[in-house]
Amino acid sequence: MYDIGIIGGGTAGMTAAIYGQRAGKQTVLFEGTTIGGQITSSPNVENYPGIASVSGSEFSMNLMDQAVKLGTQTIMEQVTGIREEADYKVIVTTEKEYECKSIILATGVTHRHLGVPGEERLTGAGVSYCATCDGMFFRGREVAVVGGGSTALQDAEFLSNYCSKVYLIHRRDEFRGEDQIVKRLQEKENVEFILNTTVQEIRGEQMVESLRVLNKVTGEESELAVSGIFVAVGQIAQNEKFADVVQLDEGGFIVAGEDCKTSEAGIYAAGDCRTKEVRQLTTAAADGAVAALAACKYIADFAEK
Ligand code: NAP
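Rules of the game
- Residues numbered from 1 in each chain as written.
- Predicted model: local features only at pLDDT ≥ 70, side-chain atom pairs only at ≥ 80, totals over all residues.
- Heavy atoms only, no water.
- Salt bridge = Lys/Arg side-chain N within 4 Å of Asp/Glu carboxyl O.
- Patch = residues over 30% accessible without salt bridge, like charges linked within 9 Å, V, L, I, M, F, W, Y side chains within 5 Å.
- Areas by Shrake-Rupley, 256 points an atom, 1.4 Å probe, with all protein chains shown as cover.
- Lys, Arg positive; Asp, Glu negative; His and termini not counted.
- Charge placed at Lys NZ, Arg CZ, Asp CG, Glu CD.
- Helix = DSSP H or I, 4+ residues; strand = E, 2+ residues; numbered from the N terminus.
- Buried < 20%, exposed > 50% of the residue type's maximum accessible area, 1.4 Å probe, protein only.
- Pairing = 2+ DSSP bridges.
- Near = heavy atom within 4 Å.
- Polar contact = N/O pair within 3.5 Å; in protein donor to acceptor, adjacent residues only side chain to side chain.
- Nonpolar A, V, L, I, M, F, W, Y, C, P; charged D, E, K, R; others polar.
- Axes fitted to C-alpha atoms, helices over the stretch in contact; angles between N-to-C directions.

Caption draft 1: Quick look at the pattern of salt bridges. In this structure the tally under the stated criterion is 16 salt bridges. Of the charged contacts, one joins Arg212 and Glu221 as a salt bridge, the two residues approaching to 3.0 Å between their closest N and O atoms. Connected via shared salt-bridge partners are Glu201, Arg203, Arg212, Glu221 and Glu223.

Dropping the structure here:
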């Protein structure tokens, strides 16, 4: 039986693994897709204290390396649910079942879609949710980024280094993301802000050819010729498979406070997957530490009973 079962291999999950192992507990980390979480697609992380600048993939590779060297076991299987037994818990995957004394849910979030005609059909054919993964395919071409948060700003900056033109389409005239990046983008000749505007349709036969956009102030509709569209309009939680064990809020986030305790004893939620105000790399790492130490205390208290 494992001491701490961690579901999710992003920053929160890997930090929990590091803290768990360093506290002498055997941790096992489950990841269904790629280790690293969302930060791996961040071209440049510039707001993690003590590290002036690092690529998201390097950051997460270092974290993983640290966790594994400490003895964390990683299992690349999709978790389908969790179950409570009288004195332990069970993590169920598509392959097997694993017994653990405590569980940390660090499932992160997934990309929100625009939900407009053409989006699903042309995903992978010009519609992308990851600029660092797919940006190179659009070298020398005209593309659009949609969104006004840090991800959209970073994506636009990254793409401006490869693409002939980057349109940054945002539904308001103020950005949610960092001012510093907005200023850098304003100085780029090949970046154009298209504000107060929403994408109504993504058009193209085999590949993206253009976007139908609506200016919300003037009511004017127009067509914008682009070869690619990078959607960066935030994230959504996907924790339904745990809803029978822990309480979720109306948005699907796991209800847990700063102590990372869920509605169920011995099960903790860390990082973006839980109810919280600030979803940042630093707060994900902080949650990982808090949740792991809480799990260690739970195991010790349980053993004493
Ligand atoms: P976000 O901050 O939630 O921003 C989402 C953006 O998409 C907002 O500007 C929002 O517009 C817009 N939007 C939402 N739904 C839309 C729709 N249906 N149509 C058009 N636009 C829509 O998401 P994010 O940029 O992915 O960032 C998520 C979190 O990660 C944030 O806390 C962010 O600071 C953090 N992050 C950190 C780093 C880093 O380097 N440390 C990098 C990336 C992200 P409104 O503004 O009008 O609501």
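Caption draft 2: Broad picture of a positive patch on the surface. Where like charges cluster on the molecular surface, the positive patch consists of Arg112, Arg171, Arg172, Arg176 and Lys216. Relative to the elements of secondary structure, Arg176 occurs in the loop between β10 (165–169) and α5 (179–186). Assessed through its relative accessible area of 67%, Arg176 is described here as exposed.

Caption draft 3: How the structure looks around the sheet that holds β10. Here we have 5 strands laid out as an open sheet, ordered β8-β15-β9-β10-β11, and parallel in their pairing. The sheet is open, and its two edges are formed by β8 (127–128) and β11 (191–194), each paired on a single side. Pairing analysis gives 5 bridges linking strand β9 (residues 142–146) to β10, with the strands arranged parallel. Looking across to β10, one finds that Glu142 is bridged to Lys165.

Caption draft 4: View of the site of the ligand. Around the ligand, 20 residues are found, and the nearest of them are Thr151, Arg172, Arg176, Arg279 and Gln280. Between an oxygen atom of the ligand and a main-chain N or O atom of Gly149, the distance comes to 3.4 Å. The separation between an oxygen atom of the ligand and a polar side-chain atom of Gln235 is 3.1 Å. Its free accessible area being 910 Å², the ligand has 81% of it covered by the protein chains. The biggest single contributor to the shell around the ligand is helix α4 (residues 150–160), with 3 residues. Per-class residue counts for the shell around the ligand are 3 nonpolar, 12 polar and 5 charged.

Caption draft 5: Structural context of the sheet that holds strand β12 (residues 197–203). A sheet is described by the order of its strands in space; here 3 strands give the open sequence β12-β13-β14, paired in antiparallel fashion. The open sheet has two free edges, formed respectively by β12 and β14 (221–225), since each of these has just one partner strand. Between one strand and the next, the sheet's axes are offset by a mean angle of 30°, whatever the strand orientation. Relative to strand β13 (residues 210–215), β12 is paired through 6 bridges, and the arrangement is antiparallel. By the bridge assignment for β13, Thr198 is matched with Leu214.

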